[in-house]
Every structure is written in C-alpha cells, then in structure tokens.
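For reference, the chains in residue letters:
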Amino acid sequence: MEIFQKTAELMHWRNAHRPQSVGFVPTMGALHAGHISLVERAKSENHLTVCSIFVNPTQFNNADDLKYYPRTPEQDLEMLQAAGCDAVFMPDEVEMYAAPPQMRLHFGNLEQVMEGAHRPGHFNGVGLVVSKLFHMVQPDVAYFGQKDLQQFLIIKRLVTDLSFPVRLVCCPVVREPDGLAMSSRNMRLSKQAREQAPALYRALNVAKQRILNGEKPDLVCAEVAAQLNENPSFHVEYLVLVDTENLRQVHHPQACEEYALCIAAFVEQVRLIDNLIFRM
Ligand code: PAF
C-alpha cells in the first residue's frame, strides 16, 4: 500500500496508473467498519482504491469539536492495509490549504436545513475539501456513507454544478450489533453514553412505524424527541421527516414515496447523527 503526503506524489502515481479506474473513499480517519465497507465496495468496482485521511478544519464550526475529533493514524493504516487499499493520501494542513481559502460555496435550501442549520459553514468546508480532493485524486467513482445523507446530497450538487467527472455512490449505514450507527465520534462516548446511544436508532424505528401507521409526522417526531430528551444525557437537535432529494420537511407523506427520517442529538457531549430511509 502506497502512502502519500504530498499531492504531487499522489498525482504522479495516479497518472502512472492510467487508464486504470480509481475508486475513492474520502475520510477524516478514526476508521471503523463503516469506512472499510466503502473501501471494499470501491475495491469490488474499480482497478485501484484510494483512501484519503484528512481532518478538515474548514468544516468544523466548533473549535473543541475539531480539537477532540479522534485521530488514530497507525490503526487506520493497518485497517486499510488489511482491506487491500492501494493508496492512502494523508496530507497535512499546509498541503491542503497553502493559504486560507477565500472562496465560499452555497448550496441553497440543501444547506439551510438539518446539519447546515445547526453547523453554519460546515458544508462550505466539506464542499471545498471534497473539490480539492477530487482534483488531486482524480477518481472515477467516489464512495460515501448514507449516515451523512445531507453531505451526500450536497456533494451530488457539487459534482453536478461544477461538472466533476466523478460518479457518486451512497452506501448503506453500517451499524453495531445494538443498532448504533458506526461513527468515528462513537470513540468519544463514555461507557454510559455508549450504552445509551442506541436509543437514537430505536427512536428512529419507533417514529418510522408510527408514520407508516398513518400518524402525523410532525406530532410523531415531536413526541419521540421529547421522550429521548427525558433522559438528561440526551439533547435532540432535530428529528424530522424529509424527502430524499431536497431534504424538504414532509408534513403529509404520500403512498409509495421515499422519505428519510433524520436525527441529530447530543449524547452527553458527543453529537451523533443517524437516519432511516423508507418508502410509505
Ligand atoms: O464524511 C467525512 O468524513 C468528511 O466530511 C469528508 C467527506 C471526508 C470531507 O472532509
């Protein structure tokens, strides 16, 4: 497995391997089985697989969140090697941002809801770093997790609006046996918070079932969020039913249409997100 810290070396390697196809898995490290499932999917569909590890400062709107974001580079490299990844790009901050970026990306309604509303500037940072990574890696296909559904839709918009010649693949959420969606942030959960965190997935399932039974989504979401908030360790930021194209809130779901139930909540100090996609 090749490890590159410099863009020029990565691009040299990429050019030497044309016309082989490259599947790309961008990450911020602290890898888990969810990331590895993306690497495996990339491997099964491309000649070569590249993974990037870069904790991108421009997408953090909270200094502590950036400071405490887990970093496990040695373990990450071992996992990628075992998964058969061909190359890893691990730039430092100077390599990615020689100067503070002045450009701003706007994604309209897509960034005004859910994560965008609660994390101002987050998707500008994601859009910037993913654009830079696409230029550097020049992948044929890029793989993202459905857990970050809004991020996937934002990147889809980015690829369309800026004509990146990259196909995007959204892969299913990978869960722990107790239902908790895998996330690098789970490493930051205390023992007690880790035991309680699967309540988010259970809450999504309860809400989904009630909506499928014909109850009003707004009422269901308010009640289910209030039940979670009865536990002082939880603080739900949002629980909403949205359409899976534009993330517009859905008040009156229609038969056969596809929707996503999305949640963001603090469990103690750690902010987690999850979602369920289903058809009425
Ligand atoms: O999903 C992530 O890990 C990050 O947002 C990404 C796509 C690697 C950009 O920094």
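Source: prediction; values computed, not measured.

Asks: So what's going on with the overall build of the chain? Residues and values would help.
Replies: For the chain, the count of helices and strands is 11 helices and nine strands. For the chain, whose C-alpha radius of gyration is 19 Å, the value lies close to the compact-globule estimate of 19 Å for 280 residues. Summarising its shape, the C-alpha atoms of the chain cover approximately 60 × 40 × 40 Å along the three principal directions. Expressed as a percentage of the 280 residues in the chain, the buried residues total 53%. Taking as baseline every contact in the chain between residues at least 6 positions apart, the subset at least 24 positions apart corresponds to 73%. When the accessible surface of the chain is summed, it comes to about 13200 Å², and 51% of that surface belongs to carbon and sulfur atoms. When the 26 positive and 32 negative side-chain charges of the chain are each reduced to one mean point, those points stand 2 Å apart.

Asks: Can you lay out the side chain of E111 for me, pointing to particular residues and giving the numbers?
Replies: Following the sequence through the fold, E111 ends up in the loop between α5 (93-96) and α6 (114-118). Not counting residues within four places of it along the chain, the set of residues in contact with E111 comprises L105, H106, G116, A117, F123, Q150 and I154.

Asks: Tell me about the pattern of salt bridges, and name the residues and values.
Replies: Within this structure, the stated rule accounts for 18 salt bridges. A salt bridge links R185 to D65; its shortest N-O distance comes to 2.7 Å. Taken together, the residues R185 in the loop between β6 (167-171) and α9 (191-196) and D65 in helix α3 (residues 63-68) connect sequence positions 120 residues apart. Across the pair D148 and K147 runs a salt bridge whose closest N-O atoms are separated by 3.8 Å. Linked by salt bridges that have partners in common, D65, E115, R119, R185, R188, E237 and R271 make up one network.

Asks: Give a description of the site of the ligand that names residues and reports values.
Replies: The environment of the ligand is formed by P26, T27, M28, N56, Q59, V129 and Q151. Q59 places a side-chain nitrogen or oxygen 2.6 Å from an oxygen atom of the ligand. The separation between an oxygen atom of the ligand and a polar side-chain atom of Q151 is 2.6 Å. When the free accessible area of the ligand is taken as 290 Å², the share hidden by the protein chains comes to 89%. In terms of residue class, the shell around the ligand is built from three nonpolar, four polar and no charged.

Asks: Describe helix α4 (residues 73-83), listing the residues and the values that go with them.
Replies: Looking at α4, one finds that the buried residues are D76, L77, L80 and A83. Down the axis of α4, the buried side of the element spans an arc of 130°, and every buried residue falls inside it. Facing away from the buried surface of α4 by more than 90 degrees, the exposed residues are E74, E78 and A82. Residues of α4 that are buried in the fold lie against β1 (2-4), α2 (33-45), β3 (48-53) and β4 (87-89).

Asks: Outline unusual backbone geometry, listing residues and values.
Replies: Omega for the bond connecting R18 with P19 falls within 30 degrees of zero, at 5°, which places this linkage in the cis form. Within the secondary structure, P19 sits in the loop between α1 (7-16) and β2 (22-27). The phi angle at S163 is positive, at roughly 55°, despite the residue not being glycine. In this structure, S163 sits in the loop between α8 (149-161) and β6.

The rules behind these values
Sequence order as written defines residue numbering, which begins from 1 separately in each chain. Whole-chain, interface and lining totals are the exception, using all residues; otherwise, since this is a predicted model, local features are given only for residues with pLDDT of at least 70 and side-chain atom pairs are given and counted only at 80 or more. Side-chain metrics rest on all non-hydrogen atoms present in the structure, leaving aside hydrogens and water. By definition, any uninterrupted DSSP run of H or I lasting at least four residues is a helix, any uninterrupted run of E lasting at least two residues is a strand, and each is numbered from the N terminus. Each radius of gyration is computed over the set of C-alpha atoms, and the globule rule expresses the reference value as 2.2 Å times the number of residues to the power 0.38. For the exposure calls, accessible area comes from a 1.4 Å probe over protein chains only, and a residue counts as buried if that area is under 20% of its type's maximum, exposed if over 50%, partly exposed in between. Whether two residues touch is decided by their heavy atoms; if any such pair falls within 4.5 Å, the residues are in contact. Note on areas: these come from Shrake-Rupley sampling with a 1.4 Å probe, and a residue is covered only by the protein chains present in the view. Here the positive residues are Lys and Arg and the negative ones are Asp and Glu; neither His nor the chain ends is included. By convention, the charge on Lys lies at NZ, on Arg at CZ, on Asp at CG and on Glu at CD. Every case where a carboxyl oxygen of Asp or Glu lies within 4 Å of a side-chain nitrogen of Lys or Arg is listed as a salt bridge. Distances are taken per atom, and a residue is near a molecule or strand as soon as one of its heavy atoms is within 4 Å of it. Pairs of N or O atoms within 3.5 Å make up the polar contacts considered here, provided that, within protein, one atom can donate a hydrogen while the other can accept it, and that residues adjacent in sequence are counted only when both atoms are side-chain atoms. Classification convention: Asp, Glu, Lys, Arg as charged; Ala, Val, Leu, Ile, Met, Phe, Trp, Tyr, Cys, Pro as nonpolar; all other residues, Gly among them, as polar. It is the directions from the helix axis to the C-beta atoms whose arc is reported.

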